[in-house]
Amino acid sequence: MAKSLEYIRLDKFPHVWCPGCGIGIVMGSIIRAVDKMEINKNDVVMVSGIGCSGRMPGYCDFNTLHTTHGRALSFATGIKLANPKFKVITVMGDGDALAIGGNHLIHAARRNIDILAIIINNWIYGMTGGQYSPTTPLGSFATTAPYGQVEPPFDVLKLIKGSGASYIARGTVYHIRELDKLISGGLQKKGFAVVEVISQCPTSFGRRNKMGSAVEMMKRQKEETVPVKKAEKMSKEELKGKIVRGLFLDEERDEYTERYEKLIAKAKEVHQK
Amino acid sequence: MSGEKVKLKGIEWKRYGPLLLNREWCKGCGICVAFCPKNVLKIGEDSKVFVDKEEDCTSCTLCELRCPDFAILVER
Ligand code: SF4
Ligand code: SF4
Ligand code: SF4
């Protein structure tokens, strides 16, 4: 699809990500979702925080903003409230979204603000040198866990479900056609939509955990995940060590900017009396 | 296999049947090669992708969808 090129800042290419890094695959999927929905690229705002994923807005020809660590959703909330006609997409890594930005994430979900939050989960802080993140699996190695991670990880989707949100999904970069569907579903949703994408970081996570090449890591995504429909029929024992993927929640709920507009109208009415 | 030169958005690509390659952007990760259902693609001695069996390509687009570097386009 040569059309993808229309959404890319070609003068910035080739991009900075390592060979085989999944972040570029996620970027392609987001671009196809925007294109499929025929949203004008000038009506899209892409916001990121810090980390390898934070580079994505630099390469996309939308309105783009690269902000501070963990604060993509705070900036995105301001943008959406100031101009609700924008389609706002945040791109965050697991460290960015769940550690330093964890509070912003749960409160964006609680408000149910119309933002698509993409969380690229590669189990590690890639850019800053391979420190463990809140999703690093128990026993995995990181520069800050040379004897293996001792803390249990978050289940990202349960955390968000408990906080609010209208749309919750998990995909992998291996299951790319499914990921395209999940991301465009999230983009269409009016409300807070979260798509967690399991992605490979061959440089910082794969190497330290002896997982082999990007290709090997993607094969694991195939072997170690099960679709949500199939998982429903599996026992706890069978699901051990598996990650469930697919659509987990798709609900109509009152959206924050709409509620806010109503509040403004009401306040004006009171003052005119 | 040299491929016909094509310019898209001011950037040079090479055409092999339905496939367009930008070897400048390719980082040789091998993802497209490993997951092509028809074994059309290979990594060359220069550690970049090349089209080995153009005639077997079904234009399924999986290589384009999974390439992290936007280095392959499939025309249908
Ligand atoms: S360090 Fe990891 S996440 Fe960062 S660009 Fe390299 S492979 Fe991707
Ligand atoms: S997936 Fe892309 S970057 Fe990787 S080898 Fe194939 S063309 Fe090159
Ligand atoms: S379009 Fe499909 S068959 Fe053709 S090279 Fe790509 S992955 Fe292989």
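What you see is a predicted model, and the numbers here were worked out from it, not measured in a lab.

Quick notes on the rules
- Residues numbered from 1 in each chain as written.
- Chains lettered and ligands numbered in written order.
- Predicted model: local features only at pLDDT ≥ 70, side-chain atom pairs only at ≥ 80, totals over all residues.
- Heavy atoms only, no water.
- Pairing = 2+ DSSP bridges.
- Helix = DSSP H or I, 4+ residues; strand = E, 2+ residues; numbered from the N terminus.
- Axes fitted to C-alpha atoms, helices over the stretch in contact; angles between N-to-C directions.
- Buried < 20%, exposed > 50% of the residue type's maximum accessible area, 1.4 Å probe, protein only.
- Contact = heavy atoms within 4.5 Å.

Draft legend 1. Here's a closer look at the pairing of strand S10 (residues 243-250) of chain A. All names here are of chain A. Bridge count for strand S7 (residues 167-172) against S10 is four bridges, and the pairing is antiparallel. Across the sheet, the residue bridging to Arg170 is Gly246, located in S10. In terms of strand pairing, strand S9 (residues 225-227) meets S10 through three bridges, oriented parallel. Its bridge partner being in S10, Pro227 is matched across the sheet by Arg245.

Draft legend 2. View of the sheet that holds strand S6 (residues 72-74) of chain B. Residues and elements named next belong to chain B. Strand order across the open sheet formed by four strands is S1-S2-S3-S6, with antiparallel pairing between neighbours. The sheet is open, and its two edges are formed by strand S1 (4-8) and S6, each paired on a single side. Direction aside, neighbouring strands of the sheet carry axes that sit 35° apart on average. For S1 and strand S2 (residues 11-16), the ladder comprises five bridges, and the chain directions are antiparallel. Paired with Leu8 across the two strands is Ile11, which belongs to S2.

Draft legend 3. The environment of Leu73(A), seen in detail. Residues and elements named next belong to chain A. Within the secondary structure, Leu73 sits in helix H3 (residues 72-82). Here Leu73 falls in the buried class, since its relative accessible area comes to 1%. Residues Leu73 and Lys262, spaced 189 residues apart in sequence, show a C-alpha to C-alpha distance of 23 Å. Setting aside chain neighbours within four positions, we find Leu73 in contact with Thr90, Met92, His104, Leu105, Ala108, Ile115 and Phe192.

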